[in-house]
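What follows is the residue order along each chain.
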Amino acid sequence: MSQLLVSGILLGGLYAMISIGLNLIFGVLRIVNFAHGEFIMVSMYLAYWTYFYYKIDPYISAFVIAPLTFLLFMTVFRPFVVKLADSSHLGQVFITFGIGIVLQNLALMLFSADYRSVDTAYSRMRIALGEVQFSLARLVVFLLSLVFTAALYYYLKKSYMGKTIRATMQNRTVAMLMGIDTRKVYVFTFALGAAITAFAGGLLLPIFYVYPTIGFNFALIAFIVVILGGLGSIPGTLAGGFVIGLTEALSGYFISASMKQLVYFCIFILILVLRPAGLFGQRGTEELGVK
Amino acid sequence: MAEPLLKISNLNAYYGEVQVLHDVSLEVYPGEIVAIVGANAAGKTTLLKSISGLVRWQGDIVYGGRSLRGLKPNQIVELGIIHVPEGRGLFPFLTVLENLEIGAYAPNARKAAKETLEKVFRIWPRLQERQNQLAGTLSGGEQQMCAIARGLMGLPKLLMLDEPSLGLAPLIIRDCYAAIEDINKRDGTPILLVEQNVKLAMQKADRVYVIENGRIVLQGKGAELMDDDRVRKAYMGI
Ligand SMILES: Nc1ncnc2c1ncn2[C@@H]1O[C@H](COP(=O)(O)OP(=O)(O)OP(=O)(O)O)[C@@H](O)[C@H]1O
Ligand SMILES: [Mg+2]
């Protein structure tokens, strides 16, 4: 039983980690990003090839790939983000869905459908605490998910830029009247979300195989986690991750592993019926950004 | 009189292809309170939005000797033109204090934010009491207070107010206008305001422009217009 709980909680941290970036982009900015899974996939490949050619550990390369992603979105991809920010939700769905498909097919063309993984010193390392066992890589992801949520929470809550981001999301026109260059805010926040997502991708590499369509499952879970936790709520992402992680671990054991998605969708619906704004969402904010 | 601080000439404004303002000309001189009055959908808000760079326009808007053509809203704010929007436009899920802080976004305003905040709290002690409350949960009167206060945080050289009295009880309207007159008298900040309540506008403003279907149809000193028969008939129901 305690093994199940520990696995569930570690899995929850992992799910939170892959959802934090989406929470910035979808939860805070209200940009529907259906390419989220492909962002993860691409960063996993980047980490994979960096490891393959240069023997650089994914935990190290993540610290290069993430800032690089940030810079790319601030510069080369800037027009793309501006275009997204100015589109309707439906437009965003089409654009990002299309980008996701293109990225998948590019990966398929360039890297084939092979499952690839890295074999670092620690990727098979397991830690035993009494009867409970778990892998080191999962513990690392779990701990980093705590660090990231805490840091981002304080950043959004306390820093001037954080307040600027929240103001812009709550009323874009009035934000302009305050002197805020709202496009800059969108581009910056999107780039930050993409960078955190890229970082998460690197952390996943020692745990999962990478292949062109791996993003789909991650994206599905990330959307559920973000909505469950509450759009824009960073602690909510952590809570949402734990709910889904624990549900998956427990239902996999007590019901059947093949039913886990059904079970967490039921829980997802139940929670949203009881709390439409999500676990930690501020009531009323779920309607923000509905254009 | 001196040079106008704001000079709008032959302004046409558009939403997409639809023209909303036609050939509007208007001036605001240093230290003045100028009111724009008119019925619903006359184009009052659109006029303020044009000045703030939120709608597409032709003609010219010159502020402090410099044309605003092609400037982005944030650049216009940096020039000291502060627009308190219709319906307050507070950030509902930010606290009162956070709203005020964001009001001082422009670089020069942000440098002075601490002193300005003290001043604003001196004018409206109530906002200080409620500084940690979410702005969306303030009463209507408090929200208007907060919106004007947030405007002051931007160190306005020209303050534009869109229907500050909207939805407020008479007593609160009086307080609100007392504060506006205070800002104008004490700091000499010129004020351009939109007001549905024609009588109120004529009492409070030095000069009034009447706008109908996107055109200026009358203008003059507030006190004089009050005696104008056409105005009395059309707007004051007398
Ligand atoms: N975003 C917009 N898109 C298209 N048309 C608009 C838009 N905003 C306003 N209009 C139209 O422009 C005209 C003028 O609107 P405006 O808001 O300037 O009127 P107003 O004088 O401020 O009215 P009120 O007293 O009701 O606030 C109206 O016919 C309105 O329908
Ligand atoms: Mg209006």
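Structure shown above.
For clarity, every value in this text was computed on a predicted model and none was experimentally measured. (Residues numbered from 1 in each chain as written. Chains lettered and ligands numbered in written order. Predicted model: local features only at pLDDT ≥ 70, side-chain atom pairs only at ≥ 80, totals over all residues. Heavy atoms only, no water.)

Turning to unusual backbone geometry, a few remarks are in order. All names here are of chain B. The backbone of N10 sits at a positive phi, close to 45 degrees, despite the residue not being glycine. In this structure, N10 sits in strand β1 (residues 6–15). On the basis of relative accessible area, N10 is assigned to the partly exposed category, the value being 42%. Even without being glycine, D23 reaches a positive phi, approximately 55 degrees. (Helix = DSSP H or I, 4+ residues; strand = E, 2+ residues; numbered from the N terminus. Buried < 20%, exposed > 50% of the residue type's maximum accessible area, 1.4 Å probe, protein only.)

Our focus in this paragraph is a nonpolar patch on the surface. All names here are of chain A. On the surface, a nonpolar cluster with roughly 770 Å² of combined accessible area is contributed by M1, L5, Y253, F254, I255, M259 and L262. Counting residues per element, the nonpolar patch draws most heavily on helix α11 (residues 234–256), which supplies three residues. Structurally, I255 is set in helix α11. (Patch = residues over 30% accessible without salt bridge, like charges linked within 9 Å, V, L, I, M, F, W, Y side chains within 5 Å. Areas by Shrake-Rupley, 256 points an atom, 1.4 Å probe, with all protein chains shown as cover. Salt bridge = Lys/Arg side-chain N within 4 Å of Asp/Glu carboxyl O.)

Residue and element names in this part refer to chain B. Within the protein, the atoms that donate to the magnesium ion (ligand 2) are T45 (OG1), E86 (OE) and E86 (OE), at distances of 1.8 to 2.7 Å. Remark: E86 occurs in the loop between β6 (81–84) and α3 (96–103) and T45 occurs in helix α1 (residues 44–52); sequence separation between them is 41 residues. Accessibility expressed as a relative area gives 37% for E86, which makes it partly exposed. (Donors = N, O, S within 2.8 Å, 3.2 Å for Na, K, Ca; no water.)

One key point about sheets: their strands pair by backbone hydrogen bonds, in either a parallel or an antiparallel sense. All names here are of chain B. The six strands lie next to each other as β6-β7-β8-β3-β9-β10, forming an open sheet whose pairing is mixed. The two strands at the open ends of the sheet, each matched to only one other strand, are β6 and β10 (215–221). Neighbour-to-neighbour, the strand axes of the sheet open up by a mean angle of 15 degrees, direction not taken into account. On top of the sheet, helix α7 (residues 140–153) reaches β6 and β7 (158–162); it is set at about 170 degrees to β6, its chief contact. Across the face of the sheet, helix α8 (residues 170–187) comes into contact with β3 (33–37), β7 and β8 (191–194) while running at roughly 155 degrees to β8. (Pairing = 2+ DSSP bridges. Axes fitted to C-alpha atoms, helices over the stretch in contact; angles between N-to-C directions. Contact = heavy atoms within 4.5 Å.)

A few words now on the nonpolar core. The biggest cluster of nonpolar side chains holds 63 residues, and the ones touching the most others in it are Y15(A), M17(A), I18(A), M44(A), Y45(A) and F91(B). Per element, the largest residue contribution to this core is nine residues, and it comes from helix α9 (residues 182–204) of chain A. Once you skip the residues sitting within four places of it in the chain, Y15(A) turns out to touch I221(A), V225(A), G241(A), I244(A), G245(A) and E248(A). (Core = buried A, V, L, I, M, F, W, Y, C linked by side-chain atoms within 4.5 Å.)

This brings us to the packing of helix α1 (residues 2–28) of chain A against α11(A). All names here are of chain A. Two elements in contact, α1 and α11, have axes whose closest approach is 6 Å; the angle formed by their N-to-C orientations is 140 degrees. Here α11 runs oblique to α1, going by the angle between their axes. Viewed along their axes, α1 and α11 form a crossing whose handedness is right-handed. For the contact of α1 with α11, a count of residues per class yields 16 nonpolar, eight polar and one charged. (Parallel < 35°, antiparallel > 145°, perpendicular 65-115°, else oblique. Left-handed = near helix turned anticlockwise from the far one by under 90°. Nonpolar A, V, L, I, M, F, W, Y, C, P; charged D, E, K, R; others polar.)

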